[in-house]
Structure formats: C-alpha cells, structure tokens
Amino acid sequence: MKDLEVDIKYGSWNFGGKIPKSFEDHVKKSVPFYDNGHQIIKSLSNFFMYKNALSYDLGCSTSNLNIMLSKHLKGKKVKFIGIDEEKKMIILSKKKIKKNKIKNIELIHSDLTRIKFQKSNLIISYYTLQFLTPSERPKLLKKIYKSLHTRGAFILFEKIRGNDERFQDILNSLYYDFKESNGISPKNILNKTKAIRGVLEPYSDTANIKILTKCGFRNIQTIFQYLNFKGYLCIK
Ligand SMILES: C[S@@+](CC[C@H](N)C(=O)[O-])C[C@H]1O[C@@H](n2cnc3c(N)ncnc32)[C@H](O)[C@@H]1O
C-alpha cells in the first residue's frame, strides 16, 4: 500500500478530499489497535443495547463500527445512528450499508455541534471528540450525558497527552516509531504533525477525566490504553 501523501500546510488537516477513499487502510497504520478497539466496543454493546435501544456513533467515518455492531446485534430490535460532517464519508457509508443489506443504521450528515440528540442507550466517540475545539467539547459532552438513559454508556476513545513534559516526549517518540514501523515515511509523519496543528487537540488523561466529570459522568473506567491512545467507558 502506497504511503498517504499528507498536505504539509499547517493546520490544513481534514477528512475530506482524497482521505475518505483511503481512510480505512491508513487509519489502521496510524491508530494503534484500531480494530481491537472496535472489538472491545462490540463486546461492550451487549451490556447496553437491549430491546428498542438506540446508539449513536459520533464521527462515524465509513461506518465500520456501526456495521459491525448491527451484524453483532442482528435479530435484536435496536437502531444505530452514524453522524459525520464529511459528505464523502456519508456517501461511502451509504454504499457499505447497502452492500451489507443493513436496514437499522441511519446516517446524518452534520457537524456534531448542531445535533439534537434523542434519548439513547449508547453513544460512541471513537477518536472524534479530539477534533472539536476545547470550547465545543463541554457543550457536546453535556448533551451526550443528557441524551443517555440512566445506566446508559458513553464510550470515548481519544489520543491523549502525557501527564507531564517528559512523559509527553517519550509517548510521542514511541508513537512516531509505531507509525514508522507501519511503513509511514518520516517525511509524512512530519507533514501530518504540521497539518494537524490546531486541528487535533488531545487532552491529558487527567484533563479528560476532569471534563467528563464536570459534564456529569461520575462512573468512569479505563477500557483500553496503548501509549498515548486511551479508551474510557463512562456510565450514567
Ligand atoms: C478519526 S475519524 C473517526 C474514526 C471512526 N470513528 C471509526 O471508528 O472509524 C474522525 C471522524 O470524525 C469526523 N468529524 C470530525 N469533527 C466532526 C464534527 N465536528 N462533526 C461531525 N463529524 C466530525 C471526521 O469527518 C472523521 O470522519
């Protein structure tokens, strides 16, 4: 697989243009254990997706996760909603959903900040919240908390910063090694770090817990961590 050429313009990163077509190949090279994270969510879904349950996937990209969940929970009367602001991601999602003959996934082409959530049982943000500006995050998290039924769950996976400068340095260096070992060239690793400046804004683990708690979540459990990639299960 050819290395993804990343535009080097500072802060130019987005999920439009040529990205959607190559997204699935490249996300696996840059997000450690991308498929395993989905598998964890699949197993967790059994605890929250009972009869008539509703689940949201925020920033669904090509709908890999919702398709997997729909197949996994086949036969149960449940519904999935995938939201993404990139039109091309929605078009690719529609094609995949149709190809898989799935009827219980709805797609919404919208910025997450504009969504009026229905009452729901499970809300997933798999490496998406980190792309919202810090001022948008608490507003969205409060809406997520409000949307969930009691004992409903919010599953959050995020890239995180180290707890101090030294740990941040070490984690970042190891992450670059990870990318290089997956065939991403040093030039493209550098270009991507320039392109995501001001676009991807990770919080530290402590900052994530603080904002989740402030927005209502009191029951938070780590469900995944590999270097600076972390998953949380938050139960209302
Ligand atoms: C890293 S990808 C998420 C990967 C995906 N959840 C998966 O499991 O494959 C981030 C996605 O979030 C979308 N996104 C980013 N900010 C958004 C926003 N404010 N509203 C809606 N979608 C957004 C992007 O278009 C992109 O498809």
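Along each chain, the written sequence defines residue order, and numbers are assigned to residues from 1. It should be noted that, the model being predicted, local features are given only for residues of pLDDT at least 70 and side-chain atom pairs only at 80 or more, the latter also being counted only at that level, while totals for whole chains, interfaces and linings use all residues. Only hydrogens and water are set aside when side-chain values are computed; all heavy atoms of the structure are taken into account.

Undergrad: Please set out the packing of aromatic side chains residue by residue, giving values where relevant.
TA: Stacked, tilted and edge-to-face are the three classes assigned to paired rings of Phe, Tyr and Trp, where Trp is represented by its six-membered ring and a pair needs centres within 6.5 Å; plane angles under 30 degrees give stacked, over 60 edge-to-face, the rest tilted. Summed over the entire model, instances satisfying the criterion amount to 16 aromatic pairs. Taking the centre distance of 5.0 Å and the plane angle of 75° together, the rings of Phe33 and Tyr226 count as edge-to-face. With Phe33 in the loop between helix H1 (19-30) and helix H2 (34-48) and Tyr226 in strand S7 (residues 219-226), this residue pair connects regions lying 193 residues apart in the sequence. Its relative accessible area of 40% is what places Phe33 among the partly exposed residues. On the basis of an interplanar angle of 65° and a centroid distance of 5.7 Å, the ring pair of Tyr127 and Phe229 is categorised as edge-to-face. Taken together, the residues Tyr127 in the loop between strand S4 (120-126) and helix H5 (136-147) and Phe229 in strand S8 (residues 229-235) connect sequence positions 102 residues apart. The same class applies to Tyr127 as to Phe229, namely buried. In textbook terms, an aromatic cluster arises when at least three aromatic residues are bridged by ring pairs, as seen for Phe33, Tyr34, Tyr126, Tyr127, Phe157, Tyr175, Tyr176, Phe178, Phe224, Tyr226 and Phe229. The way it works is that DSSP assigns letters per residue, a run of H or I at least four long becomes a helix, a run of E at least two long becomes a strand, and they are numbered from the N terminus. Buried residues are those whose accessible area, probed at 1.4 Å on protein chains only, stays under 20% of the maximum for their type, while exposed residues exceed 50% and partly exposed ones sit between those limits.

Undergrad: Before we move on, can you summarise the pairing of strand S3 (residues 105-109) with the specific residues and values?
TA: Each regular strand carries side chains that alternate between the two faces of the sheet. As judged from the five bridges shared by strand S2 (residues 79-84) and S3, these two strands associate in the parallel manner. Paired with Gly82 across the strands is Leu107, a residue of S3. Handedness rule for crossovers: strands pointing away from the viewer, path from the first strand over the helix to the second running clockwise, crossover right-handed. In this region the chain leaves S2, passes through helix H4 (residues 87-99) and returns to the parallel neighbour S3; the handedness of that crossover is right-handed. At least two DSSP bridges between two strands are required for those strands to pair.

Geometric descriptors of this kind do not, in isolation, establish any biological role.
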